[in-house]
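Coordinate analysis (summary)
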Amino acid sequence: MKHFPIFLAVEGRRIVLSGGGDAALAKLRLLLKTEAHLTVFATAPAPEIEGWAADNRLRLVRRAMVPGDTLCATLFYAADEDQTEDARTSQIARADGALVNIVDNLADSQFITPAIVDRDPVTVAIGTEGAAPVLARAIKAEIEARLPVTLGALARIGKAFRKAVVVLPMGRRRRDFWADYYFQTGPRALDQGGEDHVKDVLQRLLRKHENTVVRQGRVAFVGAGPGDPELLTLKARNALDGADVVIHDRLVTSEILELARREAILIDAGKEGFGPSMSQSDINALIVEHARNGAHVVRLKGGDPTVFGRLDEEIDAVSEAGIDWHVVPGITAASASVAAIGQSLTKRGRNGAVRFVTGHDMKGFADHDWRTLARPGEVAAIYMGKKSARFIQGRLIMHGADRTTPVTVIENASRPDQRVLSTTLDRLPADLAEAGLTGPALTFLGLAPRAAEAALVQSKQELA
Ligand code: SAH
């Protein structure tokens, strides 16, 4: 981030602008929404500016700026659309201690003005650091459409009512009240009877919430998918949005954790599938403890929670404690990995079954039905198989697997640093971690990337 977005307190502060043409008008239309004292220096002001001056909405000085004109100004806009004049005025403003923006000159500006969605007091600022104004406008249009115009009024009334809400205990009870107001009762009341009606309804709503019993805690076991935040389900996003506590694996990416409600407590349970840094019983106890305190707990697991995630142990602990729970499925690493190499998990004529196996289990390298896995056409997704590559290779060859069986390793599937290693069973490195694969990796037995597969078929034909 080259520019850090903040909301500046400008009520009663000075904002100065030099210029009287189109650029000045565009900025002034925004600045007039604020409660700042505006001063405009312009030798030839547009009629709109004259009008605003006549209405006392800004102070108009009909001359060029001179040193001292920006004293005590918080912000200064150089909007003369003339390089020399902009450089001159901005130098004056900088000397007077104001933050300077030169219209259409990102490099010499100390701040930039974002695209704004105005539902005052709710404002959304959109910035692209000057990279893509088109994008900023498109995002603005989308947000405009999504935020009802009545939102501003609801927020204003809500803000004035904040003090009264201290009768509700902090945390969930208060949040429930506000959620009820903003998303249900408030909009309905505003529709039915306008702002005065909303104020009455707020009083009644508060009384209702004062008398409601505390809600029970609950647990959602949520799949976070393979890493790309866009591969989260809507249900997962909503669960994160409503979570009080998020207990997550190490596999869950920071981009996804950022989607959790800002007040949510994030706890890293540190598991990467095996070798837990927090014991499973500690994790179970933690989930139960938070839910017992009335929290909405999201137990966030990489991929799909039902695949190699020790989900059952956690469900047992939660249900033994009499706590409500449900599972939100996610996209498992195997699905993301085949997507990365353009293959299917199952294919008519090749494999009517696919095995999900683990390279590791509680006892070390995991044993499997090697004879079956060694059969031609067999497809298996090997999770947690980085360290056990040599073991798996040995077992398969021992049980008669074709040494040239394609093997594909997909590291960091769906993430920006995704890598694909396409090889054959006999060439598979003994230890994938030592071979430089540091991220989570999934090994596919019996699948090659689509293009490589075509090449393989071709080379077999050439050999024949
Ligand atoms: N529940 C998870 C699996 C947990 S076991 C799921 O459904 O995906 C952890 C293993 O999953 C890792 O050792 C790795 O083999 C695999 N894995 C998880 N995320 C991955 C990713 N983005 N790319 C490749 N493999 C991944």
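Look up a bit, the structure's there.
Quick look at the structure, then. Being a predicted model, the structure only gives us computed values, none of them experimental.

1. A word on empty space enclosed by the protein
Taken as a whole and judged by the stated rule, the model has one cavity of 30 Å³ or more. What the largest cavity holds in volume is close to 40 Å³. If you go around the largest cavity, the residues you meet are Val357, His368, Trp370, Leu373, Ala380, Ile382, Ile392, Leu396 and Leu445. Listed by contribution, the elements that provide at least two residues to the lining of the largest cavity are α12 (370-373), β16 (379-383) and α13 (389-398). Its residues assigned to classes, the lining of the largest cavity shows eight nonpolar, one polar and no charged.

2. Some points on a negative patch on the surface
A cluster of acidic residues, Asp22, Glu48, Glu81 and Asp104, forms a negative patch on the protein surface. Note that aspartate 22 resides in helix α1 (residues 22-31). What makes aspartate 22 exposed here is its relative accessible area of 62%.

3. Re the sheet that holds strand β11 (residues 296-301)
Here we have five strands laid out as an open sheet, ordered β10-β9-β11-β8-β12, and parallel in their pairing. Two strands bound the open sheet, and with one partner strand each, they are β10 (265-268) and β12 (324-328). Neighbouring strand axes in the sheet, compared pairwise and without regard to direction, differ in orientation by 20° on average. Strand contacts of helix α10 (residues 311-320): β8 (218-223), β11 and β12, with the helix running at about 155° to β12, the strand carrying the most contacts.

4. Overview of the packing of aromatic side chains
Evaluated as defined, the whole model comprises 11 aromatic pairs. Look at phenylalanine 221 and tryptophan 325: their rings are 6.4 Å apart centre to centre, the planes differ by 70°, and that puts the pair in the edge-to-face class. In this pair, phenylalanine 221 sits in strand β8 while tryptophan 325 sits in strand β12, placing the two residues 104 residues apart along the sequence. For the ring pair phenylalanine 356 and tyrosine 383, a centre distance of 5.7 Å and an interplane angle of 50° mean the geometry is tilted. Pair noted here: phenylalanine 356 is in strand β13 (residues 354-358) and tyrosine 383 is in strand β16, with a separation of 27 residues, a long-range link.

Calculation notes
Residues numbered from 1 in each chain as written. Predicted model: local features only at pLDDT ≥ 70, side-chain atom pairs only at ≥ 80, totals over all residues. Heavy atoms only, no water. 1 Å grid on protein atoms, 1.4 Å probe; cavity = no way out; pocket = protein on both sides within 12 Å on 5 of 7 lines; lining within 4 Å. Points joined across faces, edges and corners; volume = space filled by probe spheres on them. Helix = DSSP H or I, 4+ residues; strand = E, 2+ residues; numbered from the N terminus. Nonpolar A, V, L, I, M, F, W, Y, C, P; charged D, E, K, R; others polar. Patch = residues over 30% accessible without salt bridge, like charges linked within 9 Å, V, L, I, M, F, W, Y side chains within 5 Å. Areas by Shrake-Rupley, 256 points an atom, 1.4 Å probe, with all protein chains shown as cover. Salt bridge = Lys/Arg side-chain N within 4 Å of Asp/Glu carboxyl O. Lys, Arg positive; Asp, Glu negative; His and termini not counted. Charge placed at Lys NZ, Arg CZ, Asp CG, Glu CD. Buried < 20%, exposed > 50% of the residue type's maximum accessible area, 1.4 Å probe, protein only. Pairing = 2+ DSSP bridges. Axes fitted to C-alpha atoms, helices over the stretch in contact; angles between N-to-C directions. Contact = heavy atoms within 4.5 Å. Phe/Tyr/Trp six-rings, centres within 6.5 Å; stacked < 30°, edge-to-face > 60°.

What is shown is where atoms sit, not what they do.
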